[in-house]
Amino acid sequence: SGVEQLGEMIAEASAIVPFTGAGISTESGIPDFRSPGGLWTRNRPIPFDEFVANPDARDESWRRRFAMEPTFAAARPGRGHRALASLYKAGKIPAIVTQNIDNLHQMSGFAADHVVELHGNTTYARCIGCGRAYELPWVRQRFDTTGAAPDCADCEEPVKTATISFGQAMPEDAMRRATELAQQCDLFLAIGSSLVVWPAAGFPLLAKNNGARLVIINNEPTEQDDIADLVIRHDIGETLGPFVGN
Ligand code: OAD
Ligand code: ZN
């Protein structure tokens, strides 16, 4: 079966690079973007230029984030996260590349240094001018006191979740590291992503073009199934559960 073949490929590999999307975190109670009920089926994304230009868009963006806070705060790593953390502890995974912003790979046991976040992290905030980091409770307190999204205490530019919005520049260091990892691995695992958002979706192809085997694990077809060596169209928790160690 697919899972047996995956087991063989993992056993044979010496440098596995997982590349994760929102589908790995649905088991943890966090909705994905494009499935029925996904975030982009309920809310239109707020593009970066709109966040910058429009105070109402900033307020709306923060109201959405606060509404999600109980979900993010309660989320714990699922079987997919834990299986990858087991392979990492066993020395099979040098680092993980993720489009996710939920911090669950770090929570599952990956060193922060070994989580390459292409779309940032929603568990803290940053000034879009000077980059100063802020804790979310600081933002919340300011929002509740003034009724509006706060600006940076240093430079007065808007404070935003430390995530990458559509139209916002990709983080250079993360792009460079993801490129190196995709080029150097011998097994690339694309897990729980529809593989439609670029430039992130370029990494499976890059790995494949550099000689890695490519496995796609996703319960629905993805944009890149046709270039994969193995497609497992099944639930991630069930597929990776057998690889959770102790
Ligand atoms: P998507 O919502 O586009 O894709 C998630 C995929 O995971 C879907 O194909 C689901 O069918 C699948 N899935 C969900 N739960 C699953 C499960 N338990 N087992 C197996 N498959 C499951 O999410 P991403 O591909 O991560 O970026 O989205 C990419 C980017 O689009 C995000 O990083 C975000 C979004 O806009 C930005 O906001 C910049
Ligand atoms: Zn600032």
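Computed from a predicted model, the values in this text were never measured in an experiment.

(A) Summary view of the coordination of the zinc ion (ligand 2). Distances from the zinc ion (ligand 2) to its protein donors, Cys 127 (SG), Cys 130 (SG), Cys 152 (SG) and Cys 155 (SG), fall at 2.3 to 2.4 Å. For the zinc ion (ligand 2), the four donor atoms in the first shell make angles of 92 to 120° at the metal, so the coordination geometry reads as tetrahedral. Counting gaps between the donor residues of the zinc ion (ligand 2) yields the pattern C-x2-C-x21-C-x2-C. Of the two residues, Cys 130 is situated in the loop between strand 4 (120-127) and strand 5 (133-134) and Cys 152 in the loop between helix 7 (136-146) and strand 6 (159-163); the sequence distance between them amounts to 22 residues. Judged by its relative accessible area of 3%, Cys 152 is buried.

(B) Spotlight on the site of ligand 1. Of all residues adjacent to ligand 1, which total 23 residues, the nearest are Trp 40, His 119, Ser 193, Ser 194 and Asn 219. Ala 22 is positioned with one of its backbone polar atoms (N or O) 2.8 Å from an oxygen atom of ligand 1. Thr 26 places a side-chain nitrogen or oxygen 2.9 Å from a nitrogen atom of ligand 1. Against a free-state accessible area of 790 Å², the protein chains account for coverage of 92% of ligand 1. For the shell around ligand 1, the residue count by class is seven nonpolar, 12 polar and four charged.

(C) Inspection of the pairing of strand 7 (residues 187-191) at higher detail. Of all five residues in strand 7, five are buried, a share of seventy percent or more. Two strands pair when backbone bridges link them, and strand 1 (residues 16-20) and strand 7 are joined in this way by five bridges, in the parallel orientation. Paired with Pro 18 across the two strands is Leu 189, which belongs to strand 7. Between strand 7 and its parallel partner strand 8 (residues 213-217), the chain crosses via helix 9 (residues 202-209), and the hand of that crossover is right-handed.

The rules behind the values
- Residues numbered from 1 in each chain as written.
- Chains lettered and ligands numbered in written order.
- Predicted model: local features only at pLDDT ≥ 70, side-chain atom pairs only at ≥ 80, totals over all residues.
- Heavy atoms only, no water.
- Donors = N, O, S within 2.8 Å, 3.2 Å for Na, K, Ca; no water.
- Tetrahedral: all angles 85-135°; square planar, octahedral: opposite > 155°, others 65-115°.
- Helix = DSSP H or I, 4+ residues; strand = E, 2+ residues; numbered from the N terminus.
- Buried < 20%, exposed > 50% of the residue type's maximum accessible area, 1.4 Å probe, protein only.
- Near = heavy atom within 4 Å.
- Polar contact = N/O pair within 3.5 Å; in protein donor to acceptor, adjacent residues only side chain to side chain.
- Areas by Shrake-Rupley, 256 points an atom, 1.4 Å probe, with all protein chains shown as cover.
- Nonpolar A, V, L, I, M, F, W, Y, C, P; charged D, E, K, R; others polar.
- Pairing = 2+ DSSP bridges.
- Right-handed = clockwise from strand over helix to strand, strands pointing away.

Nothing here speaks to function; it is all geometry.
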